[in-house]
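A structural walkthrough
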Amino acid sequence: MVNARTYPLWRELAMSEDLPKEALKTVIEAAWAGLVSALARHPGQVEAAIALLPRLSSYEVEQVVRSWDPDRYARTEADAPAPPVPPELFDAVLEACLTPLAAYLLHPEPEEDWDSASDFSKDWSLDLAGHSGWAMPARCPERWSELATHPTLGAAVQHLLLDQARTQAFEGSRLRATDPDGAELPADPAPALSEDLLRACLPALCLPELAGLPNPRVTARRTLHHIANRVRSNPRLADLAADQLHAAADALVTRGQLLTWSDRQEGDHEFDGRVLRLAEDLALLSATPDHLAGACAQLARLDQPAVVSPKPSRTLIRVLDNTDPAHDRPARLLERRYEHRRVQALTVLAANPHTPHAAVVGVLGGLHPAELAWTAEKADGPDWFLAAAAAIPVPEDEDDGVVRLVDDGELGKRPDPAAVLQSWLDSPATGEILSRSEVYRAVAKSRYRTLEHLRQIPADEVLANHEPDVALTILLDRCGLSTDRWEALAAAMTFDYDDEKITFGELLDSLDPTPAEAQTS
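The structure displayed is predicted, hence computed values, not measured ones.

What counts and what doesn't
- Residues numbered from 1 in each chain as written.
- Predicted model: local features only at pLDDT ≥ 70, side-chain atom pairs only at ≥ 80, totals over all residues.
- Heavy atoms only, no water.
- Core = buried A, V, L, I, M, F, W, Y, C linked by side-chain atoms within 4.5 Å.
- Buried < 20%, exposed > 50% of the residue type's maximum accessible area, 1.4 Å probe, protein only.
- Helix = DSSP H or I, 4+ residues; strand = E, 2+ residues; numbered from the N terminus.
- Contact = heavy atoms within 4.5 Å.
- pLDDT = per-residue confidence, 0-100.
- Expected span 1.5 Å × (residues − 1).
- Arc of directions from axis to C-beta.
- Salt bridge = Lys/Arg side-chain N within 4 Å of Asp/Glu carboxyl O.
- Phe/Tyr/Trp six-rings, centres within 6.5 Å; stacked < 30°, edge-to-face > 60°.

As for the nonpolar core
Judged by nonpolar contacts, the single largest core of 96 residues is most densely connected at Val93, Leu161, Leu299, Leu346 and Leu364. When residues in this core are grouped by element, the largest group, 11 residues, is from helix α7 (residues 87-106). With near-sequence residues (within four places) excluded, Leu364 lies in contact with Leu346, Leu372, Phe385, Ala388, Ala389 and Ile392. Val403, Leu411, Ala444 and Ala471 belong to the second largest nonpolar core, which has 28 residues in total.

Here's the deal with the environment of Pro137
Tracing the sequence through the fold places Pro137 in the loop between α7 and α8 (144-148). Exposure remark for Pro137: the relative accessible area of 1% places this residue in the buried category. Separated by 20 residues in the primary sequence, Pro137 and Val157 place their C-alpha atoms 7.8 Å from one another. Apart from the residues lying within four places of it in its own chain, the contact partners of Pro137 are Leu94, Leu98, Trp144 and Leu160.

Considerations on the confidence of the model for the protein
Of all residues in the protein, 75% have pLDDT values of 70 or greater, and the mean over the chain is 79. When mean pLDDT is compared element by element in the protein, helix α15 (residues 289-300) scores highest at 97, while helix α16 (residues 314-319) scores lowest at 37. When the criterion is pLDDT under 50, residues 173-179 qualifies, and its contacts beyond four places in sequence or with other chains add up to eight contacts. Within the model, pLDDT remains below 50 along residues 515-521, and this stretch shows one contact once partners closer than five positions in the same chain are excluded.

Observations regarding helix α13 (residues 242-256)
The first and last C-alpha atoms of α13 sit 21 Å apart over 15 residues, in line with the 21 Å expected at 1.5 Å per residue. Among the residues of α13, those classed as buried are Leu245, Ala248, Ala249, Leu252, Val253 and Gly256. Along the axis of α13, the buried positions cluster into a sector of 130°, meaning they face one direction only. The outward face of α13, more than 90 degrees from its buried face, is lined by the exposed residues Asp243 and Thr254.

Structural notes on unusual backbone geometry
A positive phi angle is found at Leu207, which is not glycine, with a value near 50°. For Leu207, the location among the structural elements is in the loop between α10 (195-205) and α11 (216-233). Overall, the relative accessible area of 2% leaves Leu207 in the buried class. In this structure, Gln257 takes a positive phi of about 45° despite not being glycine. Here Gln257 shows up in the loop between α13 and α14 (271-285). Accessibility expressed as a relative area gives 46% for Gln257, which makes it partly exposed.

Here we look at the pattern of salt bridges
A complete count under the given rule lists 16 salt bridges for this structure. A salt bridge links Asp303 to Arg264; its shortest N-O distance comes to 3.6 Å. Highlighted residues: Asp303 in the loop between α15 and β1 (307-309) and Arg264 in the loop between α13 and α14, separated in sequence by 39 residues. Of the charged contacts in the structure, one is a salt bridge between Lys413 and Glu410, with a shortest N-O distance of 3.8 Å. Owing to a relative accessible area of 65%, Lys413 belongs among the exposed residues under this scheme. Taking relative accessible area as the criterion, Glu410 reaches 29% and is therefore assigned partly exposed. Through salt bridges that share partners, Glu62, Arg66 and Arg139 make up one connected network.

As for the packing of aromatic side chains
By the definition in use, this model includes three aromatic pairs. Here Trp261 and Phe271 contribute two aromatic rings whose centre-to-centre distance is 5.4 Å and whose plane-to-plane angle is 85°, an arrangement assigned as edge-to-face. Placement of the pair is Trp261 in the loop between α13 and α14 and Phe271 in helix α14, with a sequence separation of 10 residues. Among the residues examined, Phe271 registers a relative accessible area of 6% and is labelled buried. The interplanar angle of 85° and the centroid separation of 6.2 Å between the aromatic rings of Trp384 and Phe385 together place this pair among those described as edge-to-face.

In structure tokens:
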């Protein structure tokens, strides 16, 4: 293996007009992408260059074409253009790039260490990107129709077109829009695939190669989501392949038991996301009323959102003097941390004509007040849905469900500021990972806080995430001149991020010896 730093020398040697035949054998011993493309510059050496392709790693093969013109960025208008890539070399590289995906689709196999992965990580089935040869088909859109019907590579090309073509079309439009002489990015760009091409890709649409995979609770859910994303990228598929999509959705729901409820497991931070994606995907793909009603029922079982209105930020007030007056409205606060996704998914389900109205209305009755406010302000659902949401009765004494964190100036106007702080700690917001630190910070920094408030806050929030003086006085008073207590404090403060959380009160209590320890000391 030659030293990589000598690659430019070998490339220049391979490209030289007077390359002696005696040197060819030595040159091809060091096969790498740039050398192969340089060798193919000689019309008589194209076959020799193609013969070297199997010696390249999978990620290097496409670089044979990419490296064809190494001077493309330095070339001026006065310079002669690079010769075109020989068609036979292009076709050989194209086939070499598509063959791994074609073979993978014939015999999908789990990746290494798959058996040791968690149930919700066993998704090797849809890792098409790891076998993608898209870079080569992307270079020849004029051949997509031909490639999609290729006897051995056609299935791979169909999958790639459904997954990648729209992204390429969008990126191409964006690049043209950034060109000073280019056109503006169209508001509604032309479809990436013609109707004829979409029809040619229908055999691959529902990923039939992956129908019998193990761990169906995961693979069926992910396959459904993959199909839904293809329809979102190519909306005309919803009409062109309606029956095919409906049948696939039914089969996946049944095989994966996707509507069988399982409780959230500790540490499963993707739980809500899976339920929401399933509802959105079925709303797009299903025509089975029972399945759509089941998706509504799963939305109803999700935890209520924790809607928090943060304290005013002095920094933001200085920087943003044009604060949106509607920033504190419940619907806007709900969107602040994407907590509107449940009611948004319900809106999409309501728009499916096969969804039973009763199933949707049943969910509306249990929504958070801020979610109902979102339907009135933001939802673009059918008239019957908006009317049903507006008709949900709201008790006169019920507030809008928003935990509004205010500063001490505003707290001082309340009859019992300490009770307000306690109401923040008792709110559902302390159970949400995205809002609880905000609540704890507001309580800890208030001059109306008491030791009882601090005792309820996780110890790491008090000790590590806020001003040191919040806990300093308390710890000095508690530990005093006791060496044992200071040592106990040091030992207690070795908690890691993933450790079970203890409250500041539990930390303080742990500094005192138990009665048995006190008698033996």
